Protein chains: 4
Amino acid sequence: MNNGDKMTKVAIIGASGYTGGELIRLLLNHPHVEITDITSRKYDNVPVHKIHPNIRESNLVFKDKNPENLDADLVFTATPHGASMKIVPDLINLDFNVIDLSGDYRFRDTKVYEKWYGMEHTSDLKGVFGIPEIYKEEIKKAKLIANPGCFPTGAILASYPLVKKDLVSRIIIDSKTGVSGAGVSPSEVTHYPNIADNVNPYKITKHRHAAEIQQELGGFDEIKVSFTPHLVPVTRGIQTTSHSLLKEDNLDLTTDELIKIYQDFYKNEIFVNIMDKDEIPHLRSVRGSNYAHIGGFEIDDTGRLVVLSAIDNLVKGASGQAIHNMNIMEGFPEDEGLKFIGLNP
Amino acid sequence: MNNGDKMTKVAIIGASGYTGGELIRLLLNHPHVEITDITSRKYDNVPVHKIHPNIRESNLVFKDKNPENLDADLVFTATPHGASMKIVPDLINLDFNVIDLSGDYRFRDTKVYEKWYGMEHTSDLKGVFGIPEIYKEEIKKAKLIANPGCFPTGAILASYPLVKKDLVSRIIIDSKTGVSGAGVSPSEVTHYPNIADNVNPYKITKHRHAAEIQQELGGFDEIKVSFTPHLVPVTRGIQTTSHSLLKEDNLDLTTDELIKIYQDFYKNEIFVNIMDKDEIPHLRSVRGSNYAHIGGFEIDDTGRLVVLSAIDNLVKGASGQAIHNMNIMEGFPEDEGLKFIGLNP
Amino acid sequence: MNNGDKMTKVAIIGASGYTGGELIRLLLNHPHVEITDITSRKYDNVPVHKIHPNIRESNLVFKDKNPENLDADLVFTATPHGASMKIVPDLINLDFNVIDLSGDYRFRDTKVYEKWYGMEHTSDLKGVFGIPEIYKEEIKKAKLIANPGCFPTGAILASYPLVKKDLVSRIIIDSKTGVSGAGVSPSEVTHYPNIADNVNPYKITKHRHAAEIQQELGGFDEIKVSFTPHLVPVTRGIQTTSHSLLKEDNLDLTTDELIKIYQDFYKNEIFVNIMDKDEIPHLRSVRGSNYAHIGGFEIDDTGRLVVLSAIDNLVKGASGQAIHNMNIMEGFPEDEGLKFIGLNP
Amino acid sequence: MNNGDKMTKVAIIGASGYTGGELIRLLLNHPHVEITDITSRKYDNVPVHKIHPNIRESNLVFKDKNPENLDADLVFTATPHGASMKIVPDLINLDFNVIDLSGDYRFRDTKVYEKWYGMEHTSDLKGVFGIPEIYKEEIKKAKLIANPGCFPTGAILASYPLVKKDLVSRIIIDSKTGVSGAGVSPSEVTHYPNIADNVNPYKITKHRHAAEIQQELGGFDEIKVSFTPHLVPVTRGIQTTSHSLLKEDNLDLTTDELIKIYQDFYKNEIFVNIMDKDEIPHLRSVRGSNYAHIGGFEIDDTGRLVVLSAIDNLVKGASGQAIHNMNIMEGFPEDEGLKFIGLNP
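As the structure is a computational prediction, the values presented were derived from the model and not from experiment. (Residues numbered from 1 in each chain as written. Chains lettered and ligands numbered in written order. Predicted model: local features only at pLDDT ≥ 70, side-chain atom pairs only at ≥ 80, totals over all residues. Heavy atoms only, no water.)

In terms of helices and strands, chain A carries 11 helices and 14 strands. Seen along its three principal axes, the alpha-carbon backbone of chain A occupies a region of about 60 × 50 × 40 Å. Looking at chain A as a whole, 68% of its 345 residues are labelled buried. Excluding contacts between residues fewer than 6 apart, the proportion of contacts in chain A whose partners are at least 24 apart in sequence is 71%. Accessible surface for chain A amounts to roughly 11,700 Å². Of this, 46% is attributable to carbon and sulfur atoms. Looking at chain A, you have 37 positive and 47 negative side-chain charges, and the mean spots of the two groups are 3 Å apart. (Helix = DSSP H or I, 4+ residues; strand = E, 2+ residues; numbered from the N terminus. Buried < 20%, exposed > 50% of the residue type's maximum accessible area, 1.4 Å probe, protein only. Contact = heavy atoms within 4.5 Å. Areas by Shrake-Rupley, 256 points an atom, 1.4 Å probe, with all protein chains shown as cover. Lys, Arg positive; Asp, Glu negative; His and termini not counted. Charge placed at Lys NZ, Arg CZ, Asp CG, Glu CD.)

Residue and element names in this part refer to chain A. On the secondary structure map, Asn 325 appears in helix 11 (residues 315–330). Residue Asn 325 is classed as buried on the basis of its relative accessible area, which comes to 0%. With residues up to four places along the chain from it excluded, the contact list for Asn 325 reads Ile 99, Gly 130, Pro 132, Ile 139, Ile 145 and Asn 147.

The subject of this paragraph is the interface of chain C and chain B. Listed by partner, the interface residues are 47 residues for chain C and 47 residues for chain B. Across the chain C/chain B interface, buried area totals approximately 4,000 Å², and carbon plus sulfur atoms make up 55% of it. Where chain C touches chain B, the interface holds four salt bridges. Measuring nitrogen to oxygen at the nearest pair gives 3.0 Å for the salt bridge that ties C:Glu298 to B:Lys206. Seen at the junction of chain C and chain B, the total is 35 residue pairs in polar contact (both at pLDDT 80 or more). Those elements giving two or more residues to the side of chain C that touches chain B turn out to be strand 8 (168–177), helix 7 (192–195), strand 9 (200–201), strand 10 (224–231), strand 11 (238–246), strand 13 (292–299) and strand 14 (304–311) of chain C. Of all the elements, strand 10 of chain C adds the most residues to the side of chain C that touches chain B, at six residues. For the side of chain C that touches chain B, the residue count by class is 19 nonpolar, 14 polar and 14 charged. (Buried area = accessible area lost by both parts, 1.4 Å probe. Salt bridge = Lys/Arg side-chain N within 4 Å of Asp/Glu carboxyl O. Polar contact = N/O pair within 3.5 Å; in protein donor to acceptor, adjacent residues only side chain to side chain. Nonpolar A, V, L, I, M, F, W, Y, C, P; charged D, E, K, R; others polar.)

All names here are of chain A. Strand order across the open sheet formed by seven strands is 9-10-8-11-14-13-12, with mixed pairing between neighbours. The open sheet terminates on both sides in strands that have one partner only, identified here as strand 9 (200–201) and strand 12 (272–274). Where strand 11 (residues 238–246) lies against strand 14 (residues 304–311), eight bridges are found, and the strand directions are antiparallel. In the strand pairing of strand 14, Thr 241 is matched with Leu 308. (Pairing = 2+ DSSP bridges.)

What follows is about the interface of chain D and chain A. The partner chain A presents 47 residues to the 47 residues of chain D that form the contact. Summing both sides of the interface, chain D and chain A together bury roughly 4,000 Å²; the carbon and sulfur share of this comes to 56%. The tally of links between chain D and chain A comes to four salt bridges. The salt bridge partner of D:Lys176 is A:Asp174, with a shortest N-O separation of 3.2 Å. At the boundary of chain D with chain A, the tally comes to 35 residue pairs in polar contact (both at pLDDT 80 or more). Put simply, the parts of the chain that give the side of chain D that touches chain A at least two residues each are strand 8 (168–177), helix 7 (192–195), strand 9 (200–201), strand 10 (224–231), strand 11 (238–246), strand 13 (292–299) and strand 14 (304–311) of chain D. A per-element tally of the side of chain D that touches chain A places strand 10 of chain D first, with six residues. Looking at the side of chain D that touches chain A residue by residue, the classes come out as 19 nonpolar, 14 polar and 14 charged.

Moving on to the sheet that holds strand 2 (residues 33–39) of chain A. All names here are of chain A. Ordered by their spatial adjacency, seven strands build an open sheet running 3-2-1-4-5-7-6, and the pairing between neighbours is parallel. Of all strands in the sheet, those bounded by a partner on one side alone are strand 3 (62–63) and strand 6 (128–129). Where strand 1 (residues 8–13) meets strand 2, six bridges bridge the pair, whose relative direction is parallel. Note on strand 2: the bridge partner recorded for Lys 9 is Glu 34. The sheet contacts of helix 11 involve strand 1, strand 2, strand 4 (74–77), strand 5 (97–100) and strand 7 (144–146), and relative to strand 5 the element is tilted by about 160°. (Axes fitted to C-alpha atoms, helices over the stretch in contact; angles between N-to-C directions.)

Our focus in this paragraph is helix 9 (residues 255–265) of chain D. Residue and element names in this part refer to chain D. Within helix 9 the residues assigned to the buried category are Thr 255, Leu 258, Ile 259, Ile 261 and Tyr 262. Take helix 9 and look down its axis: the buried residues cluster within an arc of 155°, on one side only. The secondary structure elements touched by the buried residues of helix 9 are helix 6 (150–164), strand 12 (272–274), strand 13 and strand 14. (Arc of directions from axis to C-beta.)

All told, the structure shown has 48 aromatic pairs over all chains when counted by the stated rule. Seen from their ring centres, D:Tyr113 and D:Tyr117 are 4.5 Å apart, and the 5° between their planes marks the pair as stacked. Residue D:Tyr113 and its partner D:Tyr117 are located together in helix 4 (residues 110–117), separated by four residues, close to a single helical turn. The burial state of D:Tyr113 is the same as that of D:Tyr117; both residues are buried. What links up through ring pairs into an aromatic cluster is the set A:Tyr160, A:Tyr262, A:Phe265, A:Tyr266 and A:Phe297. (Phe/Tyr/Trp six-rings, centres within 6.5 Å; stacked < 30°, edge-to-face > 60°.)

Structural data, given as structure tokens:
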């Protein structure tokens, strides 16, 4: 079904942050979408360009609106975790399709959520985990998408074929993220002199995204999955280094075979590029775009296998992936509004 | 004339540099353009993504081709100064429309070229200086566009209304540029440790772009124009601070009057945004886009007036402006293929 | 008088900010100084390395102490403007020598302070403006030093010989500063994504440091002095571009003559380096050091003269200069504790 | 033996690179050292500040000199691998003490060198691997020190107590380095736009430093050691994340016990700081200094243990460590000339 003439009305709840800004930036150039509402409690009646200074070519104005007053077919909730859980049930009751960018609906087992997020999970709704490369059929039929976290997107895309093919016994994800992942609010951590010329490992074994990564990669039999994030002096992008240990049976696996496995797995996926042997995924190649570049594919003498991925955390890792999910739900071409090529340099 | 259904075949000569890469990136999403040839002496038969790693969604391949073998309606020459002068006459003879991104055809007086570029000027052709906000009518009829330099674009847009209205006697342009302006080739200057945490004033009174700025701003009666560029740890963008001295008659000029003058001058220009009193143009608001933001508009006690501009040097300062010129020449909507909103953050 | 064996006890009031941290860092390696107290209202009893993570080799602990409890010969007040005015008179009454790093005692005319700082000036004390290259004799005899602002230090050192020699009629200072100048507290301005890949002109004609610069440079007959600062993606350093207009009589001045004037003026100054004709002052050459590099010295066809300076804003522009002043007051060698060479790269 | 009054004459061969510059910068402030010769084939007779613009307070001049003409007690060879092997035997024959900063003498088994460096090893001399925290007694008696690589220094300091105590079965080192590690020569890799806003994993399983790390960590029974480096937009510093897998017997190890093990191991080491539980080692805390900060010490549910280290690659990872080795060889206090506290911010 190519539903190319349909116009979808979308509202964005919590549109004043970085992911909200990206949704607006990208959707303004989407040929089948009309942005009907952008909401913000804090910036009621403020024109969009006072908050997102890059967006000057629209008349959008933030409004402090409740769900029942939204004029929309589909709603993006770019709200913090905890907040989404309180709004999404109303939106679903009002029969909106919903794409939630928070962590609230990402977990099949709400106990996992409660452990890692430290709060009670109060909603019965189940979201589809919105990685299109894995759950496309489920997304087509979904009313509620739980848009994945930025680190999990990079980590899962880099490692999923390994677990699907039962090649490895353990995965250690060492991720390096740009600072926009910390959001639009200033803090001691994001103070320029604390980021520049520095590398910040943080929440070394305790980052919430570990739970998402484990759910998707470790759900398979007996695979141990670990995750450590680092903040680097970059604005956009997540570079993921997935170190994994080959099972004893697979120690003779070659790089060529590995690349073939990845090419096959992603062969129908527009936004995933499997790189050649001599190529390294770079953030500068995906900046501002919805593409994921996957490469590396080396195996060392100890049986350690390295796969690398590069994504833009705000696009493929958040708002672009959300729009990709919308395109699938609404029957649009998958890359509609997302054809932008990364900025290099 | 809206010539919306026409497809224009374009070739890019010298497409392996940054401005070539930007032309490809932008034109691949232009609905009325087909890129038929990208040429490079050095990279004959190399696929585009080996040089521009962000461009993986096309089958373009560099070819070492001569003008007579190009299949095109319009040719962009992204060649160095001196080289353009040798190719462009052939292209014009072959009846291509040409947009030249070098300095070779920017000067009304070739003596000025010879003085600042230190080489003989060997071509009789005259180009139209391609700032659409000033020379739109000439561009419509042109066969050959001399696409302006990056510093001059930022400086002229920030200062032109001042000279047009005869408000000032002297202009000092203090510009800060990102490193992509130095091109794709590594050098001691662009070595990361020499740029990071540093500011490099260079060619303090002797930068070639001073001549272009003087031609456009100083051509008017008796205005003295000076220019000093600085390299800052930024990849894309030129921030221009135009300090000018009010003529004695105009010392009572107010910020509001000044903003009004700029709003009037640019009122029909899609890509120029005149900012409010409380706003500062920022590179992060125009990154990757063809927009110029102009603001500041303060006047101090000494009669010094400050206007600021921000552009992306590779887009509005080079390839985007070239495509804008193409749109005007070909009768397309001015912003076709250029609607992209800047990346912020 | 070389007072090499004397040990001076120093206290630092307000030692938790960047300038406080620099004072501690530098004074710990000063052979004739013992740091006896570091105070902070906010961090009472907190060990120094919890706030300044680089300083782990001392047992210093912040204390919330009043002036009468300080055990010191000399006190540095690294307090905000307004706060210094309330503490310094007590310190002077207690017979401490004081070096104040705020703006409170920098102005000969308190009316100027009140206009630019927007608050009443409530102290009768007069400080010596602590630029050792100009006021060394006064500093030797002073009880209270008003340590200059960071922008004024760079601007005055770059331009003072011009006004002293009556060469120019107007000076426009265009400065580019690193972010540490904004202090240790996070803000929207200093949020990493707002600084990176950006240039921020700010307080374009209204920065308080303009008043200091005008006091020192414009005090001479009839010279108009303007100032505009820019924030660049740099952590430490101020690069100053001083554009000035030669008086009619001096239009035949040459670069060589100009360099000679600067060499003569600074011939006895340890911390000022006058560069050769082919050299440009770079922040990376003075990073972490107390040196000022001055160069450029070009004159263009319009009679505009350009002098450039580079300093580390936290050292020569603040704490290093304060220690230099202390050395002069106490009779130590001028460069004691300040011999550190800049980090390059 | 405290040999405090002795003056040691040192020569630096190959002093025009970054490690040479750092040796000069640090040794000029060393109270017991006189730099007698700095050599360079390329810059014969060039004053030091033309190459190292931060070093303006000395009269040092590069000379193209042969070993027999050096006036020195001790020689630092800051020459590339392969070159050192040709010079060092002559220097040893001439009875100089030698500290070699190349890889040529780091391997106990020259076969390992020949495999990883791809060239024949032609010298019979054996160097002492110059990590003072492990080989101090050997260094005291050495004539030839093989100064360790930058990555190995960070990796070994972070992991050595684990292998010494037989706690782990496998170590995966994921390192992030500043660009100064790539040296002073410009290249496509170090071109500013290729580094900024990017992360570059490189030589993913094939970096030469893997061999050094394996020699020191894996030499113990049955420990598998892997290494992957990444280039990040930082000028100075190496942040090392050491992921290791606890042996089955040790799965109940706690963070407190781990910290205790590290504190004990390094209790006599001036330049190693073991951080508290709540602290993370940051590059900004060791910038420009010879300190190594070690922290992290977390263990996750899968039995993965994380230790982090931060060093300045040019100081503790190269020239500072070389001077530390010199101090030990010459009987000076270990931290003589190395007391400088890191620059933060």
